[in-house]
Amino acid sequence: MSTTGTVAAADTAAKAGKAGNANTAADTTLAQRLRQEVDQLVQRSLKGLDYLGSPAPAIGTTPRRLLHRRGTLALYHYNATASEVYRVPLLLVMATTNKCDIFDLAPGQSLIGYLLAQGYDVYVMDWNPPTQDERTLTIESYTLDFIPDCIRRVQQDAGVDAVTLVGYCMGGVLATIHAALHAGGPVKNLVCFTTPIDWKQMTLFQALSDQRHFDVDRMVDALGIVPADFIANAFSAQRPVSPVASQVRLWDNMWNDQYVKGYRMMDRWASEMLPLAGDYFRQTVKHLLWQNGLHEGTLRIGGRVVALQNITVPLLHVVAKHDHLVPPACAAPLVAKVGSADKEELMLPGGHVSLVAGPNAVKRMWPALDQWLGKRST
Amino acid sequence: MSTSFKLDPLALLRDAVNRLETAVNAYATGKMQSEQFSVLVARLMKLRLALKLLVGKALAGVYARLDIPSRTELAALAAAVQRIEDKVNALLPPPLPLAPRPARTRRAPEPAAADVPVLPAKVPAAPRRAPARKAAATPATPAKAASRNPRSRRAANGELRP
């Protein structure tokens, strides 16, 4: 059983587990309850052996084609499933620390599958582990090269000029920076999920990278590429006991096939964390974490100040109420700071990952996103 | 025997695990925000880097003696292959879609009058206001008293209602 990167798995699976464990036997006799527990104990043992011997379920299986690949960047286009689509295509920008499979866990639990069914033309910017050649990539590389390049390719492939940018977490930061530096460009709408703006509110990340003690230059110069396990440990530190608790819950729910399947999908995605280019990591720590440049308006990318008020396109920011990685106070300033007339912050129950994927996302965030985006995609 | 079994010890145990997790996480993250922890993490980082350097040098010597390519050499080879692949991909035309593209004529469905909106209560885009002060024990003016007490005969502008 993998214990690496199980914070995200613990987040969503815990909620599913709590729902799955709801004591519906309020009026059940003692004998029935004991019989149920013995039955579940036997199933746990049998299915536990099966769990150890079987591979993790496949994720990210919605048919797609690779439109473009350049080193760490991969641009995918998903095959349309609706008979007609909205005019404006979506370009999803995944966070640079993980693969985009969180958007496409499984049939019925796939945001991409849902968007395709609702008639959107979906493109995704996914990431591969950067090589040592790419250790000098910076935020400029992502916001002034990768994103504009992908937008141009989407325009060419779709045959339309306007594109909706959808960014998740750090992908939202990159999308926001790009939108601020390209006002009047082809971005028609901007959607962000749990995007950190006021990095001073990320108190534990601030403590882990304390400027007085953390020598980011020495680390980046020595390693070149920041290893994935370093990033994973930083995320796990937000909830240090959760990996253990999630294993306890997994064993307790081993009899529940639905729970185990959901856990394994989430665990597989969470464990496939990506390393980061050194200079990009250095810039993130210095300019975003230490100087809080995006919130303070002092962030300079490509020699230009990133001013959030330059964003005037329609904006939707979906924030998770119980996000332990990007607290609501960290995400909140985006809507207040942009210059858009049509802007909205939507706070939904859930955590950083369960907002986007999982049973609760299916009934909360996805329909809300469709309702907002549909009328702005024509 | 048919008795109502409301106190389920196993459910209580599960609830205890959840509560313990939340409590220990909160305690641990609180402790981690101390300066001592930051110093400890920085020292562990330096130790790890030093060990990595030492182990890397030792292994490089071993690989050279055994005439086995090192991880660095393999990574460089993989990067070179990837660069060649990227250049070939850049020369090739983009892959064609597997099926005919649907028309871009979709319109958002019009919400019916009786439909309940899907969007939950949304936070307006106005800047956040400071938290309202608690109401005073005695109202400052009769008008304010009227606005709070729906049964008051005094309207919000101070005039008596008929």
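Attention in this report is confined to the structure presented alongside it. In this text, all values refer to a predicted model and were calculated from it rather than measured experimentally.

A short note on the overall build of chain B
Along its length, chain B carries four helices and zero strands. The linear arrangement of helices and strands in chain B, starting from the amino end, is α-α-α-α. Counting only residues that meet the buried cut, chain B has 14% of its 162 residues in that class. When the accessible surface of chain B is totalled, it reaches about 13700 Å², and 65% of it is carbon and sulfur.

Re unusual backbone geometry
All names here are of chain A. Non-glycine residue cysteine 169 carries a positive phi angle of around 60°. One non-glycine residue, asparagine 292, lies in the positive phi region at around 50°. Here asparagine 292 lies in the loop between α11 (278-290) and α12 (293-296). Judged by relative accessible area, asparagine 292 falls into the buried class, the value being 1%.

Let's talk about the interface of chain A and chain B
Facing the 77 residues of chain A at the interface are 55 residues of chain B. Where chain A abuts chain B, roughly 5500 Å² becomes buried across the two surfaces, and 56% of that area is made up of carbon and sulfur atoms. Of all residues in chain A, the largest losses of buried area upon contact with chain B belong to Arg65, Glu84 and His213 of chain A, amounting jointly to 10% of the total for that side. Put simply, chain A and chain B have nine salt bridges between them. A salt bridge links arginine 101 of chain B to aspartate 121 of chain A; the nearest nitrogen and oxygen atoms lie 3.5 Å apart. Run the count over chain A and chain B and you get 27 residue pairs in polar contact (both at pLDDT 80 or more).

As for the packing of aromatic side chains
Across all of its chains, the model carries 10 aromatic pairs over all chains by this definition. Ring centres of tyrosine 114 of chain A and tryptophan 366 of chain A lie 5.6 Å apart, and the angle between their planes is 35°; on these two criteria the pair is classed as tilted. Of this pair, tyrosine 114 of chain A sits in helix α3 (residues 111-117) while tryptophan 366 of chain A sits in helix α16 (residues 365-374), and the two are 252 residues apart along the sequence. With a centroid separation of 5.1 Å and 65° between ring planes, the pair formed by tryptophan 127 of chain A and tyrosine 142 of chain A is classed as edge-to-face. Of the two residues, tryptophan 127 of chain A sits in strand β4 (residues 122-127) while tyrosine 142 of chain A sits in helix α4 (residues 139-158), which places them 15 residues apart along the sequence. The exposure class of tryptophan 127 of chain A is buried, given its relative accessible area of 1%. With a relative accessible area of 3%, tyrosine 142 of chain A lands in the buried category. Joined through ring pairs, the aromatic side chains of Trp127, Tyr142, Phe146 and Tyr280 of chain A make up one cluster. If you follow arginine 64 of chain A out to its NZ or CZ, it ends over the ring of tyrosine 76 of chain A, 3.6 Å from the centre. Above the face of the tyrosine 86 of chain A ring, arginine 106 of chain B is positioned so that its terminal group lies 5.8 Å from the ring centre.

Some words on helix α7 (residues 216-223) of chain A
Taken together, the buried positions of α7 of chain A are Val216, Met219, Val220 and Leu223 of chain A. Viewed end-on, α7 of chain A has its buried residues packed into an arc of 90°, placing them on one side of the element. Counted as exposed and oriented over 90 degrees from the buried face of α7 of chain A: Asp221 and Ala222 of chain A. Elements that come into contact with the buried residues of α7 of chain A comprise β7 (225-226), α8 (228-236) and α11 of chain A together with α2 (35-66) of chain B.

A look at the pattern of salt bridges
Overall, the coordinates contain 27 salt bridges over all chains when judged by the stated rule. For arginine 153 of chain A, the salt bridge goes to aspartate 149 of chain A, with nearest N and O atoms at 3.1 Å. Of this pair, arginine 153 of chain A and aspartate 149 of chain A both sit in helix α4, four residues apart, which is roughly one turn of that helix. For arginine 153 of chain A, a relative accessible area of 24% corresponds to the partly exposed category. For the salt bridge of arginine 101 of chain B with aspartate 157 of chain A, the shortest nitrogen-to-oxygen distance reads 3.2 Å. Separated into two different chains, arginine 101 of chain B in the loop between α3 (71-91) and α4 (142-148) and aspartate 157 of chain A in helix α4 make up a pair that spans both. Each of Arg33, Glu37, Arg44 and Asp252 of chain A together with Arg14 of chain B takes part in salt bridges that share partners, so that together they form one network.

Quick word on the side chain of serine 110 of chain A
Residues and elements named next belong to chain A. Take serine 110: it is sitting in the loop between β3 (90-93) and α3. Taking relative accessible area as the criterion, serine 110 reaches 6% and is therefore assigned buried. Among the polar contacts made by the side chain of serine 110, one reaches the side chain of aspartate 104 at a distance of 2.7 Å. Non-local contacts of serine 110, meaning those with residues more than four positions away in its chain, are made with Thr62, Phe103, Asp104, Leu105 and Trp366.

A few points about the packing of α4 of chain A against α11 of chain A
Residues and elements named next belong to chain A. In the contact formed by α4 and α11, the axes pass within 8 Å of each other and the chain directions differ by 100°. When the axis of α4 is compared with that of α11, the two are roughly perpendicular. Between α4 and α11, the contacting residues are Ile139, Glu140 and Tyr142 on the first element and Tyr280, Gln283, Thr284 and Leu288 on the second. Considered class by class, the residues forming the contact of α4 with α11 number four nonpolar, two polar and one charged.

Some thoughts on the side chain of threonine 195 of chain A
Structurally, threonine 195 of chain A is set in the loop between β6 (187-193) and α6 (203-208). Leaving out residues up to four positions away in the same chain, threonine 195 of chain A has contacts with Gly167, Cys169, Gly172, Val173, Thr176, His317, Val326, Cys330 and Ala331 of chain A.

A short note on helix α10 (residues 257-271) of chain A
Residues and elements named next belong to chain A. For α10, spanning 15 residues, the distance from its first C-alpha to its last is 21 Å, which sits close to the expected 21 Å at 1.5 Å a residue. Buried residues of α10: Tyr259, Val260, Tyr263, Arg264, Met265, Met266, Asp267, Trp269 and Ala270, and no others. The N-cap residue of α10 is asparagine 256: its side-chain oxygen and the backbone nitrogen of glutamine 258 are 3.1 Å apart.

Quick look at the sheet that holds β3 of chain A
Residue and element names in this part refer to chain A. Pairing is mixed in the open sheet, where eight strands are placed in the order β1-β2-β4-β3-β5-β6-β11-β12. Because the sheet does not close on itself, it has two edges, and the strands there are β1 (64-70) and β12 (343-348). Pairs of neighbouring strands in the sheet enclose a mean axial angle of 20°, with direction left out of account. In terms of strand pairing, β6 meets strand β11 (residues 315-320) through four bridges, oriented parallel. Bridging across to β11, leucine 190 finds its partner in leucine 315.

Conventions and cut-offs
- Residues numbered from 1 in each chain as written.
- Chains lettered and ligands numbered in written order.
- Predicted model: local features only at pLDDT ≥ 70, side-chain atom pairs only at ≥ 80, totals over all residues.
- Heavy atoms only, no water.
- Helix = DSSP H or I, 4+ residues; strand = E, 2+ residues; numbered from the N terminus.
- Buried < 20%, exposed > 50% of the residue type's maximum accessible area, 1.4 Å probe, protein only.
- Areas by Shrake-Rupley, 256 points an atom, 1.4 Å probe, with all protein chains shown as cover.
- Contact = heavy atoms within 4.5 Å.
- Buried area = accessible area lost by both parts, 1.4 Å probe.
- Salt bridge = Lys/Arg side-chain N within 4 Å of Asp/Glu carboxyl O.
- Polar contact = N/O pair within 3.5 Å; in protein donor to acceptor, adjacent residues only side chain to side chain.
- Phe/Tyr/Trp six-rings, centres within 6.5 Å; stacked < 30°, edge-to-face > 60°.
- Lys NZ or Arg CZ within 6 Å of the ring centre and 35° of its normal.
- Arc of directions from axis to C-beta.
- Axes fitted to C-alpha atoms, helices over the stretch in contact; angles between N-to-C directions.
- Parallel < 35°, antiparallel > 145°, perpendicular 65-115°, else oblique.
- Nonpolar A, V, L, I, M, F, W, Y, C, P; charged D, E, K, R; others polar.
- Expected span 1.5 Å × (residues − 1).
- Pairing = 2+ DSSP bridges.

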